[in-house]
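What follows is each chain in one-letter form.
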Amino acid sequence: MSTMTRPIATTRSATGIPTGKLAVWWVIGSEIVIFGGLLASYVMFRLGHPEWAEYASHTNTWFGGANTFVLLTSSLFAVLAHHAAVHGDGKTAAKWLLGTCGGGLVFLCIKAVEWTGEIQHGYTITANGFWSFYYTAAGIHALHVIAGCIIMLIIAKQAWNGKELQRVELIGIYWHFVDIVWIFLFPLLYIAK
Amino acid sequence: MTQGLYDFIKSIFAPLGDYLIGSSVPVGSSFAGDIDALIALVAVFVGFWALLAYAAFFFLIFRFRARDGQRAQYVTGEEKDLKRWITYPHAAIILCDLVIVFMAIMVWYDIKQRLPEPDSTIRIVAQQWAWNFVHPGPDNELDTDDDINTFNELHVQEGTTYHYELISKDVLHDFSVPVFRLKQDAIPGRVMKGWFKPTKAGEYDIQCAEMCGIGHGIMGARIVVETPEEHAAWMSQGSAGKVASR
Amino acid sequence: MAEAGTVDTHGAHDADHGHHEQSFVSKYIFSTDHKIIGMQYMFTGIVMALIGGYMSYAFRMQLAFPGESVPGYGVVSQGEYNALVTNHGTIMIFWVAMPMLIAAFGNYLIPLMIGADDMVFPRINRLSYQIFLISAIILIASFFVPGGGFGGAWTSYPPLSANAEYNLTPYGATFWLVAVALEFVAFLLGGINFITTLMNSRAPGMKMHDIPMVLWMIIIASILFMASVGPLIAGAIMLFMDQVVGTGFFDPDRGGDPVLWQHLFWFFGHPEVYVVLLPAMGIVAEIICTFARKKLFNYKLILYTAFATGIISFFVWAHHQFVAGIDPRMANVFTITTLIISIPIAEMLFLYIATLYGGSIRLTTPMLWALSFIAEFLIGGITGIFLGASGSDIYFHDTYFVLAHFHYTFFPIAIIGFFAGITYWFPKMFGRMMNEALGKIHFWGTIIAFNFIFIPLFILGAAGQHRRIYNFQNFPDLAGMQDLRVIATSALLVMLVFQAIFLFNFVYSLFKGKPAGKNPWKANTLEWTADSPPPHGNWPELPNCYRGPYEYSVPGREDDYWPQDVPPDTAPAE
């Protein structure tokens, strides 16, 4: 509602930590438990099903590695965006955020190519338990990448206009978390064969 | 030594257990009395504390009801003499819990962690929505030609130690015999093993104790505990005519 | 400023806030005001409670008079029976207990009790309610899809829940699952506001130990929820995939494991019961202090027991799975942890009872509810010991004993806790007093009837009656106990009738209740210094905090209460 003015409550900080940051850490906390549950279930299954090692051998470590590099680079861009925002340079921050978003898009494109190939080879989500986890876990992660990109574009637009620069750091924190989830997924799905 | 301590404590509570549970559900297995005694022990301990708490509760409400001209006291709850009313019961409850834990673990170990030497083994097959029972027949071996298959009616012999192999063909079910105080989930893809020893002849309910779909409520069966003579007579009939009436 | 005699059911005037007048739709339907959002949660919760109550009416009538047509429902078929008990439980926990205790009272009270003008993120707050409302609509829609509502029990164990061939409710099962998952998302979003607002937006001078206990309880509950729901969301995603895409996460024929779901479910399910218990205990704390004119007995210790309960609650979950095929040795571990958790809860109850010592106790309607919470929850708590001890649980698992146990915990939490809170804060919310006489009649009718419903169920459970069975005439050993079932159902009918008194009292008092003024109970906490009802923004000038929330009956002071916002060197204003 554009007529709404910000409550005084939002600007207070009895803990000294800005409320936006508390909020982002809360979101990340809940996501950690969600992904944690999913990945813990995967590990339990993997330990109980030695045959999954054979299934896992068909993942493409090059694609996975490339995506890891892409995400890490995009996180670097997010750090540079924060740096610019701290110095009040909204336009530069916005540009770096676009770069981060671009990295996310590249990630998704590589995924699309990768998955197309795998599906054509018969490694579908219902092929067996390993592939069910593979697509589910990476799929949920990809949804978080998409959501992050959308929010990042909104914040980039605001930063371009010099507004809400403190949010650049916050979306950066979220993006680093998305990156870290991938850092866990990569060895579990691609390296442990 | 732990067995001796267990037996001693159990003997104190066994009569009450008989009264609380045994009076409405027959004590039908070798371990049913153990469970009843454990229930009685817990009932006595928690009942004691509940009565104490209720007594304090109602007394304080009455004693400190609002009266004209009288003001409440300013009590922080950190005063040593008042805090004692919390910390002493706190410690006593921990002691009670230790006894309960000890007795519960002993009972649990006996029923669920160990498998005594069996006199016979039966197979229980749960499915939506009926029970199939495979009795080993006169040769006392499962998966032989003289096995007796029944539908919704299990025949066992009093005083015999049985192992059961519990399987499910579809969803989760649970083999539950209240007079034995026995219960075990049936999980598709696994064979669940356990034991029981019937001690009282008669015919009793078997219930399914895990939601298994629309027919969960019609999945009752009957267990027929027979004397050795009755059981021998039943077995000699073979598989012919072994469909239960339900 | 609110005007006496104004009919304002939602309590938000924005005249002081510098806006132009808002339309009805933007003021009430799309509001970002925490008070309105709190009311939206509350009214949705009340509607869902009526639906959940209606379901219990239908299935209890079937149990008492099997096969007969239930007035206002029809004949309850086997499949419908399962759907009724499944959705009764699901609705009562997720769409009644949680919204009423956490979202309604939390949203309404947190800013008011800490002296803030709203939550930190009002638009996220509004979004959380909107998602919650959508989840409720999806759940209700599940009853009208082909095949009807999901009937696999509120625990939704696979393979039954994963496979339409087994559960025969292909759409209902998925609608149910999506509704529950969305409800989780709504509460995660709501939690953002609770934690940030309480931590950061407190009035100047309000230190951690000046925070009213109910707010601590709501925050701990939010944290518990957030930390425990993740694995179940993961599980729900997997179950959704099994249902809709055809994966085999929980299908043993495809290498899956049905028991994994149980672990994921109960890892959340057990902390969840404390998620709803703690806020109810918080409400009870506020009321007892106000009407006994006493400080809470050892505030710090109560807080420690709440934290202890929360932490231990993560280590007890498999007591729901003793006979479910877990390693039998693990059962001993969980017996120990479960008995351990009973200790801080017992201590909390003792501390509450101790708060009565030295008091000046007035048995107003809210106080009656608060005290009855303690009396009834005590029974729920002690009967849990029978279930936490693995040996006795073999007998009691899946019987009506469990059912009676959790109704003696959940009913105090959700229903008594709600009535306690609403009768206490109604004057603040709506500017008018509820009728005391009607309140007391409603109280006694509800409480007495409640006990007559569930004590027979304890007896039936101890006699071996199992759960989720639509007709006990099918079981020769149980058929003869029909009288107890009829008693329980009759008591339920009585209890439902008495709720009409509450509804009448509520609506009548909205329009004709005596004007309440700011502080009809002479309580200390900050919400009582705002107008009744508070305007948008809550105060023209936000208050400061000078002391703790329970400075009642301070020696040497003329008044027996000392509000938190009164500066120390002046006598409290009248």
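So, how was this worked out
What you see as residue numbers is a count from 1 along each chain, following the sequence as written. Chain labels run from A onward and ligand labels from 1 onward, assigned in the order the entries are written. Residue-level local features of this predicted model are given only where pLDDT is at least 70; pairs of side-chain atoms are given and counted only at 80 or more, and the full residue set underlies all totals for whole chains, interfaces and linings. Processing note: side-chain calculations cover all non-hydrogen atoms of the structure and skip hydrogens and water entirely. Throughout, a residue-residue contact means that at least one pair of heavy atoms, one from each residue, lies within 4.5 Å. Once two parts are put together, the accessible area they lose, assessed with a 1.4 Å probe and summed over both, is termed the buried area. The working definition used for a salt bridge is a side-chain nitrogen of Lys or Arg within 4 Å of a carboxyl oxygen of Asp or Glu. Only DSSP runs of H or I reaching four residues or more are called helices, and only runs of E reaching two or more are called strands; each is numbered from the N terminus. To define axes, lines are fitted to C-alpha atoms, for helices over the stretch in contact only, and angles between the resulting N-to-C directions are given on a 0 to 180 degree scale. The labels follow the angle: roughly parallel below 35 degrees, roughly antiparallel above 145, roughly perpendicular from 65 to 115, and oblique for the rest. Handedness of a crossing follows from how the near helix is turned relative to the far one, being left-handed for an anticlockwise turn of less than a right angle and right-handed for a clockwise one. Nonpolar residues are Ala, Val, Leu, Ile, Met, Phe, Trp, Tyr, Cys and Pro. Charged residues are Asp, Glu, Lys and Arg, and all others, Gly as well, are polar. Between the first and last residue of a helix there are one fewer steps than residues, each counted as 1.5 Å, and that sum is the expected span. Remark: exposure states derive from per-residue accessible area (1.4 Å probe, protein chains only) relative to the maximum for the residue type, with buried under 20%, exposed over 50%, and partly exposed in between. For the purposes of these results, a polar contact is taken to be a pair of N or O atoms within 3.5 Å, where, inside protein, one atom must be able to donate a hydrogen and its partner to accept one; residues adjacent in sequence count only when each atom of the pair is a side-chain atom.

Colleague: Please clarify how the interface of chain A and chain C should be interpreted in this entry.
Modeller: It is common to give the size of an interface as the accessible area that goes away when the parts come together. At the interface, 36 residues of chain A touch 53 residues of chain C. When chain A packs against chain C, the two sides together hide about 3500 Å² of surface, and 71% of this comes from carbon and sulfur. Between the two partners, chain A and chain C, sit zero salt bridges. Every element with two or more residues in the side of chain A that touches chain C is listed here: α1 (8-11), α2 (19-48) and α6 (129-160) of chain A. Ranked by the residues each element gives to the side of chain A that touches chain C, the list is headed by α2(A), at 14 residues.

Colleague: When you look at the interface of chain C and chain B in this model, what are you seeing that I'm missing?
Modeller: Chain C puts 91 residues into the contact, and the matching count from chain B is 85 residues. Between chain C and chain B the total buried area reaches about 7400 Å² when both faces are included, carbon and sulfur atoms providing 68% of it. Inspection of the region where chain C meets chain B yields one salt bridge. Residues C:Asp477 and B:Arg222 are paired through a salt bridge, measuring 3.2 Å at the closest nitrogen-oxygen approach.

Colleague: Whenever I open this one, the packing of helix α4 (residues 122-141) of chain C against helix α6 (residues 170-200) of chain C confuses me. Can you help?
Modeller: To describe two helices that pack against each other, one gives the angle between their axes and the distance between the axes. All names here are of chain C. Closest axis-to-axis distance for the α4/α6 pair is 8 Å, and the angle between their directions is 165°. Of the possible angle classes, the one that applies to α4 and α6 is roughly antiparallel. The crossing of α4 and α6 is left-handed. Here Ile124, Asn125, Leu127, Ser128, Ile131, Phe132, Ile134, Ser135, Ile138, Leu139 and Ala141 of α4 lie close against α6, whose contacting residues are Phe175, Trp176, Val178, Ala179, Leu182, Glu183, Val185, Ala186, Phe187, Leu189, Gly190 and Asn193. Across the contact of α4 with α6, the residue classes break down as 17 nonpolar, five polar and one charged.

Colleague: Would you mind going over the arrangement of the chains with me for this structure?
Modeller: Summarising the chain contacts, two pairs of chains touch, and the pair with the most contacts is chains B and C. Nothing in chain A touches chain B; the tightest C-alpha to C-alpha distance between them is still 14 Å.

Colleague: I'm lost on unusual backbone geometry in this one. Help?
Modeller: Among all residues save glycine, negative phi is the norm, and among peptide bonds the norm is trans. Going from B:Gln128 to B:Trp129, the amide bond is cis rather than trans, its omega being -10°. Relative to the elements of secondary structure, B:Trp129 occurs in the loop between β1 (120-127) and β2 (130-135). Omega for the bond connecting C:Ser532 with C:Pro533 falls within 30 degrees of zero, at -5°, which places this linkage in the cis form. Its location among the elements puts C:Pro533 in the segment after α16 (482-512). With phi around 60°, C:Arg468 is a residue other than glycine that occupies positive phi space. Among the structural elements, C:Arg468 can be located in the loop between α14 (436-462) and α15 (476-479).

Colleague: Any chance you could explain helix α2 (residues 34-64) of chain C here in plain terms?
Modeller: Residue and element names in this part refer to chain C. Between its first and last C-alpha atoms α2 spans 44 Å; for 31 residues at 1.5 Å apiece the expected length is 45 Å, and the two agree. Judged by how many residues are buried, α2 sits mostly within the fold: 26 of 31 residues are covered. Put simply, aspartate 33 is the residue that caps the front of α2, since its side-chain oxygen is 2.7 Å from the backbone nitrogen of lysine 35.

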